[in-house]
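A closer look at the structure
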Amino acid sequence: MLHTAETQVPRARFPVIDFHTHITGGSADGSRIRFNLDPATCLAVMDRRNIRTMVDVTGSYDAANREAITRLQQAHPGRFFVFVEPAYSRMSDPGYPAFQAEQVEAAHKAGARGLKVLKNLGLVVRDNSSNQLIRVDDHRFDPMWEAAGALNMPVAIHSSDPEAFFLPIDRFNERWEELRAHPNWSFYGKDFPGNRELQEARRNVMRRHPRTQFVCLHVADSEDLPYVSECLDSHPNMHVDIAARIGELGRQPRSSRRFFDRYQDRILFGTDASAGPATPQQTFGDALYEIYYRFLETEDEYFDYAPAPVPPQGRWRIYGIGLPESILRKVYAGNAARLIGVSG
Ligand SMILES: [Zn+2]
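Report follows, based on the coordinates. Bear in mind that the values here come from a model prediction, so they are computed numbers and not experimental data.

**Structural notes on the overall build of the chain**
The secondary structure content of the chain amounts to 12 helices and 10 strands. Relative to a compact globule of 344 residues, whose C-alpha radius of gyration would be 20 Å, the chain shows 19 Å and is just as compact. Along the first, second and third principal axes, the C-alpha set of the chain runs to 65 × 45 × 35 Å. Counting the 344 residues in the chain, one finds 59% classified as buried. Relative to all contacts within the chain whose residues are 6 or more apart in sequence, the contacts with residues 24 or more apart total 73%.

**Quick notes on the sheet that holds strand β4 (residues 51–56)**
Taken together, the three strands give an open sheet; going across it, the order is β1-β4-β5, and neighbouring strands pair in parallel fashion. Two strands lie at the open edges of the sheet, namely β1 (16–21) and β5 (80–82), each paired on one side alone. Neighbour-to-neighbour, the strand axes of the sheet open up by a mean angle of 20°, direction not taken into account. Of the pairings in the sheet, the one linking β1 to β4 comprises four bridges and is parallel in character. The residue of β4 that forms the bridge with I17 is T53. Along the sheet, helix α2 (residues 62–74) makes contact with β4 and β5, crossing β5 at roughly 170°.

**A short note on the coordination of the zinc ion**
Distances from the zinc ion to its protein donors, namely H20 (NE2), H22 (NE2) and D272 (OD), fall within the range 2.0 to 2.1 Å. Sequence spacing of the donors to the zinc ion: H-x1-H-x249-D. Judged on exposure class, the residue H20 and its partner H22 are both buried.

**Description of the sheet that holds strand β7 (residues 155–157)**
Taken together, five strands build an open sheet; the order of strands is β6-β7-β8-β9-β10 and the sheet is parallel. Each edge of the open sheet carries a strand with a single partner, namely β6 (115–117) and β10 (267–268). The pairing of β6 with β7 spans three bridges and is classified as parallel. Bridge pairing in β7 links V117 to I157. Each of β6, β7 and β8 (214–216) is contacted by helix α5 (residues 142–150), which is oriented at about 145° to β6, the strand it contacts most.

**Regarding the environment of A106**
Tracing the sequence through the fold places A106 in helix α3 (residues 96–110). Along the backbone, A106 and Y61 are 45 residues apart, and their C-alpha atoms lie at a distance of 9.8 Å.

**Observations concerning the packing of aromatic side chains**
Across all of its chains, the model carries 19 aromatic pairs by this definition. Plain terms: the ring middles of F187 and F192 are 5.1 Å apart, the flat faces sit at 80° to each other, and that makes the pair edge-to-face. A relative accessible area of 6% means that F187 is categorised as buried. The class for F192 is buried, based on a relative accessible area of 19%. Pairing F259 with Y263 gives two aromatic rings, centres 5.1 Å apart and planes at 55°, and the pair type is tilted. Note on accessibility: F259 and Y263 belong to one class, buried. Ring pairing ties together the aromatic residues Y88, Y96, F99, F141, W145 and F214, which thus form one cluster. Here the guanidinium or amino end of R90 rests over the ring plane of F99, the centre of that ring lying 4.0 Å away. We note R294 situated over the ring of F303; from NZ or CZ to the ring centre the distance is 4.1 Å.

What counts as what
- Residues numbered from 1 in each chain as written.
- Predicted model: local features only at pLDDT ≥ 70, side-chain atom pairs only at ≥ 80, totals over all residues.
- Heavy atoms only, no water.
- Helix = DSSP H or I, 4+ residues; strand = E, 2+ residues; numbered from the N terminus.
- Rg over C-alpha atoms; globule rule 2.2 N^0.38 Å.
- Buried < 20%, exposed > 50% of the residue type's maximum accessible area, 1.4 Å probe, protein only.
- Contact = heavy atoms within 4.5 Å.
- Pairing = 2+ DSSP bridges.
- Axes fitted to C-alpha atoms, helices over the stretch in contact; angles between N-to-C directions.
- Donors = N, O, S within 2.8 Å, 3.2 Å for Na, K, Ca; no water.
- Phe/Tyr/Trp six-rings, centres within 6.5 Å; stacked < 30°, edge-to-face > 60°.
- Lys NZ or Arg CZ within 6 Å of the ring centre and 35° of its normal.

Here it is as structure tokens:
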């Protein structure tokens, strides 16, 4: 029965770079690229919603990566950027560390603008012989992180996941419905590291590679802004994106507003946009962007964080944080442009 204002924000106030989208995905051996979203459909939504560029982070590697670069980045200059991913299938080969650094260099030559590391690292990828999970700070990746830094390729890194995914799936879990819909998102028990252990492993990587710029996706750990702030304070090479976490940021609007004030030069706009109705908080389309703009630009109260009949990440609603224009410009595009190396 609450009577509240509803502000329509069909276009962002300033042109946007969506730093985190999944237009493509690759086969495990890097030979083929798969398009989840059709570039022409993307461009139509982009023009309507004032999105200047989409960054396709899951650009696979090798031939698949080159194909994504050709069909997105080169076919539509300035509208799409493609990142490269590590070749984990070669992880157990003796020459892997140098090979992986060379892969990143070759991808850069072919046009890749950054490196993407999925949460697989730390939670899925295992050593062939021991079957142990590979740690995020495994030294075999050191040359890869250094190569990315030397080539000014930002690293988009997703480690860990919402804290509720590390807790039992029972009636006390605030994401019970989401975990019931996606049971493979649960990392409770078995031999999975805990949330904080994953976070600290990523922190080791940022500490060891100070010249490499890291964008910790999904606000690094959106439920714990004090911890994220502590990390940002101790690692000047750390940044965050807000993809698929306005549900978290928007339920703590006063803390979020202060967070944006303080770290306005290190927060990037991203949505995690991908295809399909299974995850409404990231389903690419007009409705998704309108909600993000409403959260960032207005002080509207108590609205849905995803275009869905039932809030998909937990049954709560959010509050806009009404950012001033100076911060909006940086978050919408300026910070991403600086990291990728294009004009703001
Ligand atoms: Zn993503």
